[in-house]
Amino acid sequence: MKKMSNIYESAANTLGIFNSPCLTKVELRVACKGISDRDALSKPDPCVILKMQSHGQWFEVDRTEVIRTCINPVFSKLFTVDFYFEEVQRLRFEVHDISSNHNGLKEADFLGGMECTLGQIVSQRKLSKSLLKHGNTAGKSSITVIAEELSGNDDYVELSFSARKLDDKDFFSKSDPFLEIFRMNDDATQQLVHRTEVVMNNLNPAWKTFKVSVNSLCSGDQDRRLKCIVWDWDSNGKHDFIGEFSSTFKEMRGAMEGRQVQWECINPKYKAKKKNYKNSGIVILNQCKIHKMHSFLDYIMGGCQIQFTVAIDFTASNGDPRNSCSLHYIHPYQPNEYLKALVAVGEICQDYDSDKMFPAFGFGARIPPEYKVSHDFAINFNEDNPECAGIQGVVEAYQSCLPKLQLYGPTNIAPIIQKVAKSASEETNTKEASQYFILLILTDGVITDMADTREAIVHASHLPMSVIIVGVGNADFSDMQMLDGDDGILRSPKGEPVLRDIVQFVPFRNFKHASPAALAKSVLAEVPNQVVDYYNGKGIKPKCVSDYESSRTLAP
């Protein structure tokens, strides 16, 4: 155990990548006022898209739900972002009108945007600004963003509500109920925590189970008052009030282990006016499950090993390695881009791997003795044991295999993703957090087997693995950005979405003049969250609870 924590500390000290000292998670909530539609006859169906700036480009991070026919939307979905005190993190909030028949942005009307830094929101806690249209003209519409720090307790709650015998508010059909839960703040304001979906034409609805962080639900205070309102949805956006009730998280915890908690849903007006008024229905909490969230450190210090594999592109487009213009040229004093990227990323990953043995593969070359094209050959030419000793071993195997290969093509990376996925798939049988796989692919061009690669990534997103692709050289890598699900959701050719975003793509040229640490930081930034998302999503706890974890666990 001691050894693991030393490994952790040495890595954290060398580059401070996985655990920036000031890293905090922040939840952002968004509301807009006075959104006008270009179509004056109808109200817009707004959705807010959050983008972050990285190396001068804007990338989509997440988006809210779409609220139908609404000019003053308060969004239920919140954005969780990492806050680095030492970095300027530029954010852009874009409001789009998303037509109901199309969820993409192609047909969406841009209703306005707002740019700021995360630091501005965090320092002000609540930031309201005008929404600017194209050409930076301000209309009458505004956006408000509220920030809350996730303080220590990242646990979240799974809640499952239903109701029975709700009042009927519609003449020709039954009510279309949805439930809103508000947290009452210390300053007497109320904050929307969650809005369920609408169940159409049903006085006994069962709403979908949802998850919410303990922080978001009650700011970590179990006795904080929660106000719950049931509405009858109306397509014109003017929803009818059915009734309300109050509760606390403490009371909701009564619905653990198969018990239920019930509340009478009361309409105060009816109660005051009608003598025989009982209630406007009963709301039932069918289950309350508390999920403990473990951090990246909990898993690493609990003994989870990072299994690092590297795959190198040996296609002909790299140029003849004997020619000094080739991307594979071995210069006596200067490492080429392949080596720079390999060493920058590998040096960090090796700190998290106790045996320091790394499988290394090549693709896109004809290999001896028969000179057939292979897309997943061991660069030490030992198929039974493709492992090299340390990053230095990978560098030496790379240099010694180059003269023996015939660079060829095409650029297929699906076989190598499938190869690592096979090992990761065997690991899932252990049902414990012992090995997480990182595949680093170094390539000079756009891949040829995009459909197979998408399929392989969607499959791999269910396994304990992440894929990092570094684009070497000056090719047009725009197609590669598609694999990095940041711009939207990556889907297989059959339309199946990735379970989680596991691909990070970075062009090496963005870091040509930066330090190796900058490249590594950019490439590995998402890995800790990917590790945590995988194991937490599967309900897998760290193998042994570390001193670190027990010191940060809050008492129930």
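Residues numbered from 1 in each chain as written. Predicted model: local features only at pLDDT ≥ 70, side-chain atom pairs only at ≥ 80, totals over all residues. Heavy atoms only, no water.

The name given to the protein in an unreviewed UniProt entry is Copine-4, and the organism recorded there is Psilopogon haemacephalus. As stated in UniProt under Sequence similarities (unreviewed entry), the record for the protein gives "Belongs to the copine family." (UniProt positions renumbered as here; feature names shortened; annotations may be inferred.)

## Side note on helix 12 (residues 516–524)
Listed as buried for helix 12 are Leu 519, Ala 520, Ser 522, Val 523 and Leu 524. Residues of helix 12 that are buried make contact with helix 7 (337–349), strand 25 (465–471), strand 26 (503–507) and helix 13 (527–537). (Buried < 20%, exposed > 50% of the residue type's maximum accessible area, 1.4 Å probe, protein only. Helix = DSSP H or I, 4+ residues; strand = E, 2+ residues; numbered from the N terminus. Contact = heavy atoms within 4.5 Å.)

## Re the pattern of salt bridges
Once their charged atoms are close, side chains differing in charge can pair, the charge on each being opposite to the other. Scanning all chains against the criterion turns up 17 salt bridges. One salt bridge in this structure joins Arg 63 and Glu 60, with 2.9 Å as the shortest N-O distance. Classification of Glu 60 as buried rests on a relative accessible area of 12%. As a salt-bridge pair, Glu 94 and Arg 92 come within 2.8 Å of each other at their nearest N and O atoms. (Salt bridge = Lys/Arg side-chain N within 4 Å of Asp/Glu carboxyl O.)

## Things to note about the side chain of Ser 434
Within the element layout of this structure, Ser 434 appears in the loop between helix 9 (414–428) and strand 24 (435–443). Look at Ser 434 and you get buried, because its relative accessible area is 11%.

## Quick notes on the sheet that holds strand 19 (residues 365–367)
Strand order in the open sheet made by the 3 strands is 20-19-23, with antiparallel pairing throughout. The sheet is open, and its two edges are formed by strand 20 (372–374) and strand 23 (406–407), each paired on a single side. Here strand 19 pairs with strand 20 via 3 bridges, running antiparallel. Bridge assignment links Arg 366 to a residue of strand 20, and that residue is Val 373. (Pairing = 2+ DSSP bridges.)

## Remarks on the packing of helix 7 against helix 8 (residues 390–401)
The N-to-C vectors of helix 7 and helix 8 enclose an angle of 160°; their axes lie 10 Å apart at closest approach. The orientation of helix 7 with respect to helix 8, classified from their angle, is roughly antiparallel. You can see that helix 7 and helix 8 cross each other, and the crossing is right-handed. Only Ile 391, Val 394, Val 395, Tyr 398 and Gln 399 of helix 8 make contact with helix 7, whose side of the interface consists of Tyr 338, Leu 339, Leu 342, Val 343, Gly 346 and Glu 347. (Axes fitted to C-alpha atoms, helices over the stretch in contact; angles between N-to-C directions. Parallel < 35°, antiparallel > 145°, perpendicular 65-115°, else oblique. Left-handed = near helix turned anticlockwise from the far one by under 90°.)

## What about the environment of Glu 347?
Assignment of secondary structure puts Glu 347 in helix 7. Between the alpha carbons of Glu 347 and Gly 390 there is a distance of 8.9 Å; along the sequence they are 43 residues apart. Apart from residues lying up to four places away in sequence, Glu 347 is in contact with Leu 342 and Ile 391.

## So, helix 7
Over its 13 residues, helix 7 extends 18 Å from the first C-alpha to the last, a length consistent with the 18 Å expected when each residue adds 1.5 Å. Summarising burial for helix 7: 10 of the 13 residues are buried, a large majority. The complete set of buried residues in helix 7 reads Glu 337, Tyr 338, Leu 339, Ala 341, Leu 342, Ala 344, Val 345, Gly 346, Ile 348 and Cys 349. Two to three positions downstream of the cap, the backbone nitrogen of Tyr 338 sits 3.1 Å from a side-chain oxygen, assigning the N-cap of helix 7 to Asn 336. (Expected span 1.5 Å × (residues − 1). Polar contact = N/O pair within 3.5 Å; in protein donor to acceptor, adjacent residues only side chain to side chain.)

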